[in-house]
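Breakdown of the fold
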Amino acid sequence: MRVTITDIKEMKQRKEKIPMLTAYDYVTAKMIDEAGVPLILVGDSLGMVILGYESTIPVTMEEMLHHTKAVVRGAKKALIVGDMPFMTYHTSISDALYNAAKFIQEGGAQAVKLEGGEIVCDKVRRLTECGIPVMGHIGLTPQSIHQLGGFKAQGKTPEVAKRLLQDACILEEAGAFSIVLECTPAPLSKLITQRVGIPTIGIGAGPDCDGQVQVISDILGLYTDFVPKHAKQYAKLAVEIKAAVAEYTAEVKSESFPTMKESYTMDESLLTQLTAT
Ligand code: KIV
């Protein structure tokens, strides 16, 4: 049975921490799912860590749907959240509905995530009324980096901290089933987590959120262009992959790979026939 939003909300009530990771492809989603992670985000971070864009802003619906389908094929148990790309939910409620429905109907996700607080609450309300579970996302919202002045922690001034607290309450009231808090000071994240009844999922938001989300490429040490302060590397796969590729290259050049162990044989008689003609 696949994890549901009710299961996720009950984890907060039981004070059971909620681990969440991003995934962008079949193989990784399968491993994350088999490792028991209950929530998988097909994040628009794929624009940076998979597609090599400088930010998440160029990511399109087509790209998101392509990767969402692959993740859904790989993960059979986790609840899969599709991240709505830049400007696919701001223009109107009907655009938000149309694009969110694509994640559910075409992509096979069970929920969508959108960035922003009060500004998107009319969309959150309508999507949830129409049966599409929504995860909110406040704090550092990467789709707004030009407005925010870069990838910077948010909520360090009284005005912004107050607004983030209000945004969290508004998102809950609009029907969101959980909220990502990105790069908010730990004490503020704690306060928000205490104030709302739905789970908060932190990334760079301190230890007191109900759950934690990380970009899989960061925790595996795969994406090395930029390593965020909040990412702990549990493996150094980029180093291992480069070493494996260098070894393969050296073996091909020195003719020590492939050997007959990695090759196919054929009947001697067939070879004789072929060489005779
Ligand atoms: O796109 C993403 O990976 C995200 C997480 C950082 C929460 O939005």
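Presented here is a report on the structure given in the accompanying data block. What you see is a predicted model; the values in this text were computed from it and never measured.

We now examine the site of the ligand. The environment of the ligand is formed by 13 residues, the closest being Gly43, Asp44, Ser45, Asp83 and Lys113. One nitrogen or oxygen atom from the side chain of Lys113 is found 3.0 Å from an oxygen atom belonging to the ligand. Considering the ligand on its own, with 260 Å² of exposed area, one finds that the protein chains cover 96% of that surface. Classifying every residue of the shell around the ligand gives five nonpolar, four polar and four charged.

Glancing now at the sheet that holds strand β1 (residues 18–22). The eight strands lie next to each other as β1-β2-β3-β4-β5-β6-β7-β8, forming a closed barrel whose pairing is parallel. Recorded for the sheet is a direction-independent mean angle of 25° between the axes of neighbouring strands. Where β1 and strand β2 (residues 39–42) come together, three bridges link them in parallel fashion. Each bridged residue has a counterpart across the sheet, and for Thr22 the counterpart in β2 is Leu41. The sheet contacts of helix α4 (residues 61–74) involve β2 and β3 (79–83), and relative to β2 the element is tilted by about 155°.

So, about helix α6 (residues 121–129). Looking at α6, one finds that the buried residues are Cys121, Lys123, Val124 and Leu127. Projected down its long axis, α6 carries its buried residues within an arc of 155°, all on one side. Of the surrounding elements, those touching the buried residues of α6 are α5 (93–107), β4 (111–113), β5 (134–139) and α8 (158–174). Backbone geometry just after α6 places Gly131 at a positive phi near 90°.

Formed by 54 residues in total, the largest nonpolar core has its most connected members in Ile40, Ile80, Val112, Leu114 and Val124. Broken down by element, this core gets its largest block of residues, six residues, from α8. Contact partners of Ile80, with chain neighbours within four places excluded, come to Arg2, Ile40, Val42, Val71, Val72, Ala75, Ala109, Gln110 and Ala111. Formed by 16 residues, the second largest nonpolar core is a distinct cluster that contains Met11, Val81, Met135 and Phe177.

The buried fraction of β1 amounts to four of the five residues, a majority that puts the element mostly inside the structure. Two elements, β1 and strand β8 (residues 211–214), share four bridges in a ladder whose sense is parallel. When the bridges of β8 are listed, Ile18 appears paired with Gly211. Crossover handedness for the path β1 to helix α2 (residues 26–34) to β2: right-handed.

A complete count under the given rule lists nine salt bridges for this structure. Among the salt bridges present, the one from Glu34 reaches Lys30, with a minimum N-O distance of 3.4 Å. Of this pair, Glu34 and Lys30 both sit in helix α2, separated by four residues, roughly a single helical turn. Take Glu34: its relative accessible area is 60%, and that puts it in the exposed class.

Together, Met266, Leu270, Leu271 and Leu274 make up a nonpolar patch on the protein surface, roughly 350 Å² of accessible area in all. Of note, Leu274 is situated in helix α12 (residues 268–276).

This part covers the pairing of β2. Taking every second residue as pointing to the same face, both faces of β2 are buried, with Leu39 and Leu41 on one and Ile40 and Val42 on the other. As paired elements, β2 and β3 share four bridges and run parallel to each other. When the bridges of β3 are listed, Val42 appears paired with Gly82.

It is worth spelling out unusual backbone geometry at this point. For residues that are not glycine, phi is negative in most cases, and the peptide bond is trans in most cases. Following Phe257, the chain continues to Pro258 via a peptide bond in cis, the omega torsion being -5°. Here Pro258 is to be found in the loop between α11 (237–253) and α12. Of note, the phi angle at Lys15 is positive, near 60°, even though the residue is not glycine. Relative to the assigned elements, Lys15 resides in the loop between α1 (5–13) and β1. Given the relative accessible area of 75%, Lys15 is considered exposed. Positive phi is not limited to glycine here, since Glu255 has a value of about 65°.

Conventions and cut-offs
Residues numbered from 1 in each chain as written. Predicted model: local features only at pLDDT ≥ 70, side-chain atom pairs only at ≥ 80, totals over all residues. Heavy atoms only, no water. Near = heavy atom within 4 Å. Polar contact = N/O pair within 3.5 Å; in protein donor to acceptor, adjacent residues only side chain to side chain. Areas by Shrake-Rupley, 256 points an atom, 1.4 Å probe, with all protein chains shown as cover. Nonpolar A, V, L, I, M, F, W, Y, C, P; charged D, E, K, R; others polar. Pairing = 2+ DSSP bridges. Helix = DSSP H or I, 4+ residues; strand = E, 2+ residues; numbered from the N terminus. Axes fitted to C-alpha atoms, helices over the stretch in contact; angles between N-to-C directions. Contact = heavy atoms within 4.5 Å. Buried < 20%, exposed > 50% of the residue type's maximum accessible area, 1.4 Å probe, protein only. Arc of directions from axis to C-beta. Core = buried A, V, L, I, M, F, W, Y, C linked by side-chain atoms within 4.5 Å. Right-handed = clockwise from strand over helix to strand, strands pointing away. Salt bridge = Lys/Arg side-chain N within 4 Å of Asp/Glu carboxyl O. Patch = residues over 30% accessible without salt bridge, like charges linked within 9 Å, V, L, I, M, F, W, Y side chains within 5 Å.

That is the geometry; function is a separate question.
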